[in-house]
Structures are given as C-alpha cells and as structure tokens.
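Chain residues, written in single-letter form:
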Amino acid sequence: MWHAECFGLALYHHSIHVFAEKCFQIFGVFLLINYRVGVTKDLRGEMYRKLYLYPFHFSRKSRKGDMMSRMSNDVGEVEGNILGSLVELINAPFMLISTLISLFWLSSELTLFSLLVLPVMGTMIALIGKSLKKILTKHKTKWEPSSLS
C-alpha cells in the first residue's frame, strides 16, 4: 500500500514537472519572438548588402542566387543555434526552482541531505579524476612510441 502511494505521488510530481517545463519553454519562445525576428532581419539584410557590394567579376564566377541561398541557410542555422541557447538560458532557472520545490515537497530531509552531500562527492570525484589524469599522462609520456626505439 505504501509503495503504491509513493508511486502515485511521484507520478503526480513528474506530470507537474513536465507541464511546468513545457510552459516555461513556451514562455521563453514567446519572450524571444521579437528578438528572433529582429536578429534574422538584421543578419539577412547585412549579408545581402555585402553580397551586392561585391565587384562585377565576382558575380560571373558564382551565381548570386546560389550565394543567397547558401547565406540564407547559414543565417537560419545561426539563428536556430543562438535562439535555442537563449530559450534554454531562460528555461533552466525556472526548471531548477520548480524541481527543488517539488523535491522539498516530497521529502525535505532527503533533499537537504542530497544538497549537502552532492558538493562533497563532486569535489572528491574531481580530485580523484585530476590525480588519475596526472598518473595517466605521466605513464603516457613514459610509453610513447618514440621512447621505445
């Protein structure tokens, strides 16, 4: 009986978490829509202006339509990458806060314990990783092919 209640509560919190995540993603996209249109317009305008300022012999070597198509695709890639990062930048703090709230609501003692233990464990893992890296680089230089001959 107790396991079924815990499972139901966890499922309930997970559904709230997913709902909040999607809401914050939509909110981030909504906030950045004007910025997205402005950046795209400015990038494309500047690229087309530079294309038309090239000398006449440049247009004989390559077709302007082909160049415009390539530039348009490049601008789309840049726009997608930059704005995807900005949406995640807006989304991440909200998701962190909502996750912490739901964790505290489920079990405040376990959440506090985890928040105290995780930095200590992370520091220990980082120190062990650094020492292993030092040892491996030392042995790597010792057994390089140039030193075997």
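Here goes a summary of the coordinates provided.

How each quantity is defined
Residues numbered from 1 in each chain as written. Predicted model: local features only at pLDDT ≥ 70, side-chain atom pairs only at ≥ 80, totals over all residues. Heavy atoms only, no water. Helix = DSSP H or I, 4+ residues; strand = E, 2+ residues; numbered from the N terminus. Buried < 20%, exposed > 50% of the residue type's maximum accessible area, 1.4 Å probe, protein only. Contact = heavy atoms within 4.5 Å. 1 Å grid on protein atoms, 1.4 Å probe; cavity = no way out; pocket = protein on both sides within 12 Å on 5 of 7 lines; lining within 4 Å. Points joined across faces, edges and corners; volume = space filled by probe spheres on them. Nonpolar A, V, L, I, M, F, W, Y, C, P; charged D, E, K, R; others polar. Patch = residues over 30% accessible without salt bridge, like charges linked within 9 Å, V, L, I, M, F, W, Y side chains within 5 Å. Areas by Shrake-Rupley, 256 points an atom, 1.4 Å probe, with all protein chains shown as cover. Salt bridge = Lys/Arg side-chain N within 4 Å of Asp/Glu carboxyl O. Polar contact = N/O pair within 3.5 Å; in protein donor to acceptor, adjacent residues only side chain to side chain.

1. Some details on the overall build of the protein chain
Broken down by element type, the protein chain carries five helices and zero strands. The linear arrangement of helices and strands in the protein chain, starting from the amino end, is α-α-α-α-α. A total of 149 residues make up the protein chain; the buried ones form 11% of that total. The contacts of the protein chain with a sequence gap of at least 6 include a subset with a gap of at least 24, amounting to 71%.

2. Remarks on the layout of surface pockets
What the largest pocket holds in volume is close to 160 Å³. Taken together, Leu100, Leu103, Leu106, Ser107, Leu110, Thr111, Ser114, Leu115 and Leu118 make up the full set of residues lining the largest pocket. Secondary-structure elements contributing two or more residues to the lining of the largest pocket are α3 (64–106) and α4 (108–142). In terms of residues, the lining of the largest pocket owes the most to one element, α4, which gives five residues. Tallied by class, the residues present in the lining of the largest pocket amount to six nonpolar, three polar and no charged.

3. Digging into a nonpolar patch on the surface
Residues Phe27, Phe30, Leu31 and Phe94 make up a contiguous nonpolar surface patch of roughly 400 Å² in combined accessible area. Summarising the element assignment, Phe94 is placed in helix α3. For Phe94, a relative accessible area of 33% puts it in the partly exposed group.

4. A look at the side chain of Thr111
On the secondary structure map, Thr111 appears in helix α4. A distance of 2.9 Å separates a polar atom in the side chain of Thr111 from the backbone oxygen of Leu103. Apart from the residues within four sequence positions on either side, Thr111 is in contact with Leu103 and Phe104.

5. Focus: the environment of His13
Note on placement: His13 falls in helix α1 (residues 2–53). In this structure, the C-alpha to C-alpha distance between His13 and Thr99, residues 86 residues apart in sequence, is 9.2 Å. Setting aside anything within four residues of it in sequence, one finds His13 in contact with Ser102, Trp105 and Leu106.

6. Some details on the environment of Ala20
Within the secondary structure, Ala20 sits in helix α1. Residue classification places Ala20 among the buried positions, given a relative accessible area of 17%.

7. Things to note about the side chain of Glu79
Inspection of the secondary structure assignment puts Glu79 in helix α3. Those residues within four positions of Glu79 in sequence are excluded, and the remaining contacts are Arg36, Thr40 and Gly84.

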